[in-house]
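# A closer look at the structure
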Amino acid sequence: MENGYLNTEAGPLKINAAGEVSTKKARARKKAGLNKDAVMTVLYPVLFGILVLVLWQTQVLHKILGTDTFTLPLPGRIINIIFENVPAILKNVQATVIVAVGGLLLGSVLGYFLGIVAMAFPKWGSGGISIASAFTAVPIVAIAPILNNLTKDLSDDPHIRSMLAKTLVVMITCTVSMSINAYRGFTELKPFSLDLMKSYAASKTTIFLKLRVPNSLPYIFTALRVSVPASIISALVSEYFAEFIIGVGRQIRESIVLAQYATAWAYILVACAIGILMYAILLIAEGVILKGRRHR
Amino acid sequence: MLRAKKMNVDYSKDLGSDTEELKTGIIIENLSVRFPDKNGGDPVEALQNINLEIKPGEFVSLVGPSGCGKTTLLRTIADLQQPTTGTISIGGLTPREIRLQQKFGIVFQNPVLYEWRTVRRNVCMPMEIMGIPKPERTRRVTQMLELVGLYNFGKMHPHELSGGMQQRVGIARALALRPKILLMDEPFSALDEFTKEKLHLDLQRIWSKTKKTIIFVTHSIQEAVFLSDKVVVLSPHPGRISAVVDINLPRPRGLEIKDTMEFNSLVSKVRNSFEGV
Ligand SMILES: Nc1ncnc2c1ncn2[C@@H]1O[C@H](COP(=O)(O)OP(=O)(O)OP(=O)(O)O)[C@@H](O)[C@H]1O
Ligand SMILES: [Mg+2]
């Protein structure tokens with residue numbers, strides 16, 4: 001028996017060595033493939049963007065669209081305006097980002113919590129989530145003025161009042177998508193993973209912390225991929241209706257009203273930059289936190 | 001080479017042998033499990049009138065064609081599936097009580113690994129739940145990964161492993177717990193012949209040192225005869241026991257036993273008791 005044991009011992013070792021070599025190769029291949037894909041997905045849009053910019057600056061774009069440099073100012077002029085007004089722009093960016101990020105965080109935390117509640121009471125939980133998903137159809141434009149009215153008495157300071165109203169609008173838009181996705185993340189478990197926990201007599205809390213929460217992480221990012229852009233859009237739109245005049249969205253509107261199209265474009269550019277930046281941060285966080293998981 | 005030396009260390013005093021009285025005999029009486037048909041047709045008789053006695057520390061294999069209820073029987077013993085009629089008693093207790101005492105170790109038919117955990121942390125997971133101290137957990141994880149030949153893959157994630165490697169992680173995870181009752185559902189089915197034979201010997205060694213009760217589901221009659229004290233043959237539709245074959249081959253068994261007359265006549269005996277395949 002001792003002999004047989006020793007003889008077979010060598011078997012898995014060989015397999016190990018071979019296995020290791022092949023997985024290293026596979027990894028290298030995967031990395032190279034990913035890089036090539038990533039380069040392509042970035043390169044094409046960037047090239048297209050540069051092309052549009054060139055056409056724009058050389059006024060070819062104006063001829064195509066049949067417009068003039070007053071309504072559609074040249075990129076160089078827009079950039080100039082941004083550099084000349086850094087302090088004012090920063091003040092407005094700050095107001096918008098606080099509303100967007102604040103509402104995003106509040107809404108996502110509340111949504112995640114609602115997902116937990118729905119999971120804990122499965123009887124009406126899934127029904128409740130279906131009803132909640134109907135709320136996604138409610139347009140921001142409709143709720144923003146209503147919330148402005150509702151928050152009238154919350155503070156004597158119109159600045160704070162407006163901030164609250166705007167944050168609430170953003171919060172509502174973010175709550176719904178997070179609660180739906182969190183609920184799915186808690187309940188859409190791989191087959192038998194719950195049985196595995198049961199076989200160890202794991203408590204509900206343990207199952208929640210060791211199985212449901214980690215299982216929900218990719219779903220959180222699914223929700224955030226929707227709600228990060230949505231939070232910025234609803235922040236910009238809710239500024240339109242706010243009592244206190246501040247924020248990137250509001251400045252776009254004010255500038256258009258005053259026919260200062262170049263300034264309006266400057267703020268539009270800034271709004272785009274905020275959106276791209278927040279989305280980039282999200283993607284980086286997702287890459288770090290979901291590292292090691294199979295790509296969905 | 002170094003690793004090979006390390007693997008030969010005798011872990012026998014380490015594998016969780018017990019001084020306490022093991023009350024892990026299993027008595028199954030008139031057990032039936034029916035699954036209602038969702039489309040309103042006749043219910044599926046996964047198991048019908050099963051009577052089986054498994055002694056404490058016995059190594060029992062379940063063989064039978066696909067769909068004959070092997071997994072269902074294992075799940076019912078583990079309290080993951082409720083019987084429609086009949087009872088199961090494990091050392092005088094119900095499966096539920098044994099489950100709550102955390103005495104089961106299960107290797108599922110498809111390895112149920114948590115994709116967000118590395119191989120090491122997957123093996124570690126049940127020990128975390130049972131509150132085994134960290135240094136001990138680390139020691140056992142290393143030991144079990146060496147046993148299944150995956151020591152160098154501890155930092156990888158499940159999706160980076162082959163199916164057979166994933167299955168070995170599941171085996172390491174179940175063994176690391178040192179369960180009193182080990183339920184294994186086709187644990188070696190995705191493995192190559194080399195690895196399989198090594199693990200057969202390892203499993204036999206662990207079993208004889210620790211005297212745990214093992215119920216082992218397999219499609220391979222050879223594997224069942226080699227490992228078991230008793231081979232239970234199941235037949236499908238409805239799932240029932242068609243034969244129980246005692247394997248009285250001497251222990252410990254080496255691979256050379258497979259060439260003996262006795263071994264092969266037992267294999268034939270089990271094969272001949274298959275019904276309606
Ligand atoms: N959850 C379930 N719901 C309905 N029917 C089920 C369920 N689980 C098993 N069955 C049925 O019970 C019977 C036995 O299934 P089981 O999985 O126990 O077979 P098995 O012997 O393990 O097969 P295999 O060798 O293919 O794994 C099958 O007919 C199957 O369709
Ligand atoms: Mg099965």
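This structure is a prediction, so every number in the text was calculated from the model and none was measured. (Residues numbered from 1 in each chain as written. Chains lettered and ligands numbered in written order. Predicted model: local features only at pLDDT ≥ 70, side-chain atom pairs only at ≥ 80, totals over all residues. Heavy atoms only, no water.)

### Regarding the confidence of the model for chain B
Residue and element names in this part refer to chain B. When pLDDT is averaged along chain B, the result is 89, and 91% of the positions lie at 70 or above. Segment residues 1-20: pLDDT under 50, and 33 contacts once partners within four positions in sequence are set aside and those in other chains are kept. Prediction confidence for the complex, expressed as pTM and ipTM, is 0.84 and 0.86 respectively. (pLDDT = per-residue confidence, 0-100. Contact = heavy atoms within 4.5 Å.)

### So, the site of ligand 1
Residues and elements named next belong to chain B. The local shell around ligand 1 holds 13 residues, among which Ser-66, Lys-70, Thr-71, Thr-72 and Gln-109 are the closest. Lys-70 is positioned such that a nitrogen or oxygen atom in its side chain is 2.7 Å from an oxygen atom of ligand 1. In the model, an oxygen atom of ligand 1 is placed 2.9 Å from a nitrogen or oxygen of the His-219 side chain. If ligand 1 stood free it would expose 630 Å²; the protein chains cover 66% of that surface. At the level of secondary structure, the elements contributing two or more residues to the shell around ligand 1 comprise strand E2 (44-54) and helix H2 (70-77). Counting residues per element, the shell around ligand 1 draws most heavily on H2, which supplies three residues. Partitioned by chemical class, the residues of the shell around ligand 1 number four nonpolar, seven polar and two charged. (Near = heavy atom within 4 Å. Polar contact = N/O pair within 3.5 Å; in protein donor to acceptor, adjacent residues only side chain to side chain. Areas by Shrake-Rupley, 256 points an atom, 1.4 Å probe, with all protein chains shown as cover. Helix = DSSP H or I, 4+ residues; strand = E, 2+ residues; numbered from the N terminus. Nonpolar A, V, L, I, M, F, W, Y, C, P; charged D, E, K, R; others polar.)

### Details of the domain arrangement of chain B
Residues and elements named next belong to chain B. Entries for chain B in the domain assignment read domain 1 (11-103 + 180-272) and domain 2 (113-178). Using only C-alpha atoms to locate each centre, domain 1 and domain 2 end up separated by 23 Å. Taken together, the contacts link 21 residues of domain 1 with 15 residues of domain 2. Interface of domain 1 and domain 2: buried area, both sides summed, is about 1500 Å²; carbon and sulfur atoms make up 60% of it. At the surface where domain 1 touches domain 2, the tally comes to zero salt bridges. Taken together, the connections running from domain 1 to domain 2 amount to five residue pairs in polar contact (both at pLDDT 80 or more). Mapped by element, the contributors of at least two residues to the side of domain 1 that touches domain 2 are strand E6 (181-185) and helix H7 (193-210). It is H7 that provides the largest number of residues to the side of domain 1 that touches domain 2, a total of six residues. (Domains from an automatic or database assignment. Buried area = accessible area lost by both parts, 1.4 Å probe. Salt bridge = Lys/Arg side-chain N within 4 Å of Asp/Glu carboxyl O.)

### Some words on the packing of aromatic side chains
Residues and elements named next belong to chain B. A full pass over the atoms with the stated rule returns 10 aromatic pairs over all chains. Judged by centre distance (5.6 Å) and plane angle (55°), the rings of Phe-188 and Phe-216 are tilted. Of this pair, Phe-188 sits in the loop between E6 and H7 while Phe-216 sits in strand E7 (residues 213-217), and the two are 28 residues apart along the sequence. Given the relative accessible area of 2%, Phe-188 is considered buried. Assessed through its relative accessible area of 0%, Phe-216 is described here as buried. Taken together, the aromatic side chains of Phe-59, Phe-188, Trp-207 and Phe-216 make up a single cluster linked through ring pairs. One cation-aromatic arrangement involves Lys-211 over Trp-207; the distance from NZ or CZ to the ring centre is 5.1 Å. Across from the ring centre of Phe-226, 5.0 Å away, lies the NZ or CZ of Lys-258, which sits over that ring. (Phe/Tyr/Trp six-rings, centres within 6.5 Å; stacked < 30°, edge-to-face > 60°. Buried < 20%, exposed > 50% of the residue type's maximum accessible area, 1.4 Å probe, protein only. Lys NZ or Arg CZ within 6 Å of the ring centre and 35° of its normal.)

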